[in-house]
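# Structural overview for review
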Amino acid sequence: MKTIYRISIISIIMCPTFLSCTDMNQFPEDSMSPQTYFMSEAELAQYTNSFYSLEPQVGDFRWYGEQSEFIQKSVLPREIMGTRPLPTNSGDVGWTWSTLRDINYYLQNSGNCTDPKIRNRYDGVAYFFRAFFYYNMLTKFGELPWYDQPLGSADIASLKKPRDSREVIIRHIIDDCDRAFELLLPYGKKTTEVCCWTALALKSRATLFEGTFRKYHAGDAFNPESLPG
C-alpha cells in the first residue's frame, strides 16, 4: 500500500509538468512573427509607417528642386556628368532592395487582418510605396528585376534573374498606382499621409518621365525599345 501511495503522490506532482510540456511549438515572444502579427490596425499602421523613409527627408535638396539647369551648383552630380558607376555590391549608389523586401513581406502577410476595411487602407499604402520604390530605381538604373514576393537566401534563381525591360517595370508601376488609388479612395484626401491622390500624382509623374525618356532615347543605346505606334 505504501508503494502504491508513493506512486500516486509522484504522479499527482508530475502531472502538471507533463501537461505544461504538451505543446512544444511556441512562437517567440521577443520578436515579430508573421503568424501572430499583422492582425490589428495598430500593427498594420506601425509596419507600413516605416515605408515613409523612402520619401526625401526635411532639408533634403530634392524637396525644392531636382538636378537640372535651373539650379546652379559648383559640382554637378555624377548622374548629370555621366560618370556614375554601375553597382557591383549591395548599397552601391542606391542599389539597395531591403525596403522592397519589407513591402513585399507586408503584402504577403497582411491577410492576417480579417477586417478588409482596415487591411485595404494599409495595402493601398504598401502598393503606393512599391510603385514609388520602383519609380526611383527606374530613373536611376533603367531596366531592373521585378520582384513582388519577399526573397530569402535560398531563392538563388530569383536572386540572379536577369533584368526585366522598362516596359515591364513601368507597367507594374502603373498597376500598383491603380491598386493604391482604388484601395485608398474611400479614405479621402490626406495632407500628411499617402492617399488616393498621392497615387495618381505618382502615376502621372512616372508615365511623364517614361514617355519623355522614350521620346528622346527611342532606338539608342539607352533604350533599344521604340515607342509604340
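For the structure itself, consult the block above.
Residues numbered from 1 in each chain as written. Predicted model: local features only at pLDDT ≥ 70, side-chain atom pairs only at ≥ 80, totals over all residues. Heavy atoms only, no water.

## Remarks on the overall build of the protein
- The number of helices and strands found in the protein is eight helices and zero strands.
- Going from N to C terminus, the protein has its helices and strands arranged as α-α-α-α-α-α-α-α.
- The buried share of the protein, reckoned over its 229 residues, is 31%.
- For the protein, long-range pairs separated by at least 24 residues make up 60% of all intrachain contacts whose partners lie at least 6 apart in sequence.
- Carbon and sulfur atoms provide 57% of the accessible area of the protein, an area that totals close to 15200 Å². (Helix = DSSP H or I, 4+ residues; strand = E, 2+ residues; numbered from the N terminus. Buried < 20%, exposed > 50% of the residue type's maximum accessible area, 1.4 Å probe, protein only. Contact = heavy atoms within 4.5 Å. Areas by Shrake-Rupley, 256 points an atom, 1.4 Å probe, with all protein chains shown as cover.)

## Looking at the side chain of Asp-123
- Tracing the backbone shows Asp-123 in helix α5 (residues 116-141).
- For Asp-123, which is buried and forms no salt bridge, the nearest opposite charge comes from Arg-119, at a distance of 4.3 Å.
- Sequence-distant contacts of Asp-123, that is, excluding residues within four places in its chain, are made with Tyr-106, Leu-107, Ser-110 and Leu-183. (Lys, Arg positive; Asp, Glu negative; His and termini not counted. Salt bridge = Lys/Arg side-chain N within 4 Å of Asp/Glu carboxyl O.)

## Describing a nonpolar patch on the surface
- Judged by side-chain polarity, Leu-185, Trp-197 and Leu-200 come together as a nonpolar surface patch covering roughly 270 Å² of accessible area.
- Tracing the sequence through the fold places Leu-185 in the loop between α7 (166-184) and α8 (196-217).
- Residue Leu-185 is classed as partly exposed on the basis of its relative accessible area of 42%. (Patch = residues over 30% accessible without salt bridge, like charges linked within 9 Å, V, L, I, M, F, W, Y side chains within 5 Å.)

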